[in-house]
Amino acid sequence: MGVPAVLMLPLVLLGISGLLFVYQEVSNLWSKSAVQNKVVVITDAISGLGKECARVFHTSGARLVLCGKNWERLQSLHDALISVADPSKTFTPKLVLLDLSDISCVQDVAKEVLDCYGCVDILINNASMKVKGPAHKISLELDKKIMDANYFGPITLTKALLPNMISRRTGQIVLVNNIQGKLGIPFRTAYAAAKHAALGFFDCLRAEVEEYDVIVSTVSPSFIRSYHVHPGQGNWEASIWKFFFRRLTYGVHPVDVAEEVMRTVRRKKQEVFLANPIPKAAVYLRTFFPEVFFAVVACGVKEKLNVPEEG
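This write-up is about the structure you can find in this document. Every value quoted in this text rests on a predicted model; they were computed, and no experiment measured them.

1. Observations concerning the pairing of strand 5 (residues 171–176)
- For strand 5, a buried count of six out of six residues is recorded, marking the element as mostly surrounded by other parts of the structure.
- Where burial is concerned, the two faces of strand 5 agree: the one with Gly 171, Ile 173 and Leu 175 and the one with Gln 172, Val 174 and Val 176 are both buried.
- Pairing analysis gives four bridges linking strand 4 (residues 122–125) to strand 5, with the strands arranged parallel. Each bridged residue has a counterpart across the sheet, and for Leu 123 the counterpart in strand 5 is Ile 173.
- Crossover handedness for the path strand 4 to helix 5 (residues 140–168) to strand 5: right-handed.

In structure tokens form, the structure reads like this:
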């Protein structure tokens, strides 16, 4: 009886591996069928996350509209997508110059897309502009520019495309937001304000358009890190603030976020918070124990002002 018992564990593991493989294949096919032939608009497609979203949706057979403010980088992305995809199963992406901080051009871009395809099935609001510094040293002009890029730009594009979705009674709008739409981090006042505003707008919009079968989704990663950023060495645990802040700011890889955006579209999720345990704990701490959260953050600000920044 000992030999069969010994063989049972490898068989169980093999069976589980087989089931996971089948699930992954079915999930990939489901993802492709969910966006195949759909018109998908991706803003800031030349960013790290934008490129990964373009790759995921392009290989799934979507009709992509890639928006960005640099034509050369858009063209490079276009060439990269075309070179690795099966042309019999994919569509040539449409490239559109778009700077969301320039609100005056957003309506024209929306009209260009609708004139080309007649509709938009999925809008992925990915564009974002960051600034870091003490609030009193950030000019009001820069505050307004951050709000234009991170709030007024996305909602202007959304409002321009929304009537088409409502009239067709179908569509999905995805906002790629940030943890700072849920809590504020020092020295990022304008960015956090814009992210709070965007999250509030799309939360309200979700309820307004539900009766028209238009889905509004928000995907909030902690931070989207670059491809080559890795944790630095050092005794971060020597300071509670440094430990907390490092875990809070060391973000999610663009590939992981792009795959989550695809899952969000496929499953029509309303809200996703993509982060490791420390940022999640920070959000709960801010919600249920705000005094503790404020004390930790204030302690970190004092330390940051008094001690030279490492690196």
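Anyway, onward from the coordinates.
2. Regarding the packing of aromatic side chains
- Applying the stated criterion to the full structure yields five aromatic pairs.
- Plain terms: the ring middles of Phe 201 and Phe 202 are 5.1 Å apart, the flat faces sit at 80 degrees to each other, and that makes the pair edge-to-face.
- Given a relative accessible area of 19%, Phe 201 falls into the buried group.
- When the ring of Tyr 284 is compared with that of Phe 288, the centres are 6.4 Å apart and the planes differ by 10 degrees; the resulting orientation is stacked. Taken together, the residues Tyr 284 and Phe 288, both in helix 9 (residues 277–288) and four residues apart, mark about one turn of the helix. In this structure, Tyr 284 and Phe 288 share a single accessibility class: exposed.
- Between Arg 63 and the ring centre of Phe 91, over which it is positioned, the NZ or CZ distance is 3.9 Å.
- The ring of Phe 273 carries the charged tip of Lys 182 above its face, separated from the ring centre by 5.9 Å.

3. A few points about helix 2 (residues 48–59)
- For helix 2, built from twelve residues, the straight-helix expectation of 16 Å at 1.5 Å per residue is met to within 8% by its first-to-last C-alpha distance of 17 Å.
- Every buried residue belonging to helix 2 is among Leu 49, Gly 50, Glu 52, Cys 53, Ala 54, Val 56, Phe 57 and His 58, and all of these are buried.
- Looking one or two residues past helix 2, Gly 61 carries a phi angle of roughly 90 degrees, positive in sign.

4. Remarks on helix 4 (residues 106–117)
- Helix length check: helix 4 (twelve residues) gives 17 Å between terminal C-alpha atoms against 16 Å at 1.5 Å per residue, within 8%.
- Among the residues making up helix 4, those that are buried are Val 106, Val 109, Ala 110 and Val 113. Projected down its long axis, helix 4 carries its buried residues within an arc of 100 degrees, all on one side. When the buried face of helix 4 is taken as reference, the exposed residues oriented beyond 90 degrees from it are Asp 108, Lys 111 and Asp 115.
- The inward-facing, buried residues of helix 4 abut strand 1 (39–42), strand 2 (63–68), strand 3 (94–97) and helix 5.
- Just downstream of helix 4, Gly 118 is the residue with a positive phi angle, here 85 degrees.

5. Topic: the environment of Gln 75
- Checked against the element boundaries, Gln 75 lands in helix 3 (residues 71–84).
- Spatially, the C-alpha atom of Gln 75 lies 9.5 Å from that of Ile 46, the residues being 29 residues apart in sequence.

6. A short note on the packing of helix 5 against helix 6 (residues 189–209)
- At their nearest, the axes of helix 5 and helix 6 sit 8 Å apart, and the two run at 15 degrees to each other. Classified by the angle their axes make, helix 5 and helix 6 are roughly parallel. Seen from above, helix 5 lies across helix 6 with right-handed handedness. Residues Asp 143, Ile 146, Met 147, Asn 150, Tyr 151, Ile 155, Thr 158, Lys 159, Leu 162 and Ile 166 of helix 5 form the contact with helix 6, whose own contacting residues are Ala 190, Tyr 191, Ala 193, Ala 194, Ala 197, Ala 198, Phe 201, Phe 202, Leu 205 and Val 209.
- When the residues that make up the contact of helix 5 with helix 6 are grouped by side-chain class, the tally is 16 nonpolar, two polar and two charged.

7. Observations regarding the nonpolar core
- Core analysis: the largest hydrophobic core is formed by 32 residues, its most contacted members being Leu 98, Ile 173, Phe 202 and Leu 205.
- For this core, the secondary-structure elements that each account for two or more residues are strand 1, strand 2, helix 4, helix 5, strand 5, helix 6 and strand 6 (214–221).
- For this core, the element with the highest residue contribution is helix 5, accounting for seven residues.
- Excluding residues that lie within four positions of it along the chain, Leu 205 makes contacts with Thr 158, Leu 162, Ile 173 and Val 216.
- Core analysis: the second largest hydrophobic core is formed by 30 residues, Val 174, Val 219, Val 252 and Val 257 among them.

About the criteria used
- Residues numbered from 1 in each chain as written.
- Predicted model: local features only at pLDDT ≥ 70, side-chain atom pairs only at ≥ 80, totals over all residues.
- Heavy atoms only, no water.
- Buried < 20%, exposed > 50% of the residue type's maximum accessible area, 1.4 Å probe, protein only.
- Helix = DSSP H or I, 4+ residues; strand = E, 2+ residues; numbered from the N terminus.
- Pairing = 2+ DSSP bridges.
- Right-handed = clockwise from strand over helix to strand, strands pointing away.
- Phe/Tyr/Trp six-rings, centres within 6.5 Å; stacked < 30°, edge-to-face > 60°.
- Lys NZ or Arg CZ within 6 Å of the ring centre and 35° of its normal.
- Expected span 1.5 Å × (residues − 1).
- Arc of directions from axis to C-beta.
- Contact = heavy atoms within 4.5 Å.
- Axes fitted to C-alpha atoms, helices over the stretch in contact; angles between N-to-C directions.
- Parallel < 35°, antiparallel > 145°, perpendicular 65-115°, else oblique.
- Left-handed = near helix turned anticlockwise from the far one by under 90°.
- Nonpolar A, V, L, I, M, F, W, Y, C, P; charged D, E, K, R; others polar.
- Core = buried A, V, L, I, M, F, W, Y, C linked by side-chain atoms within 4.5 Å.

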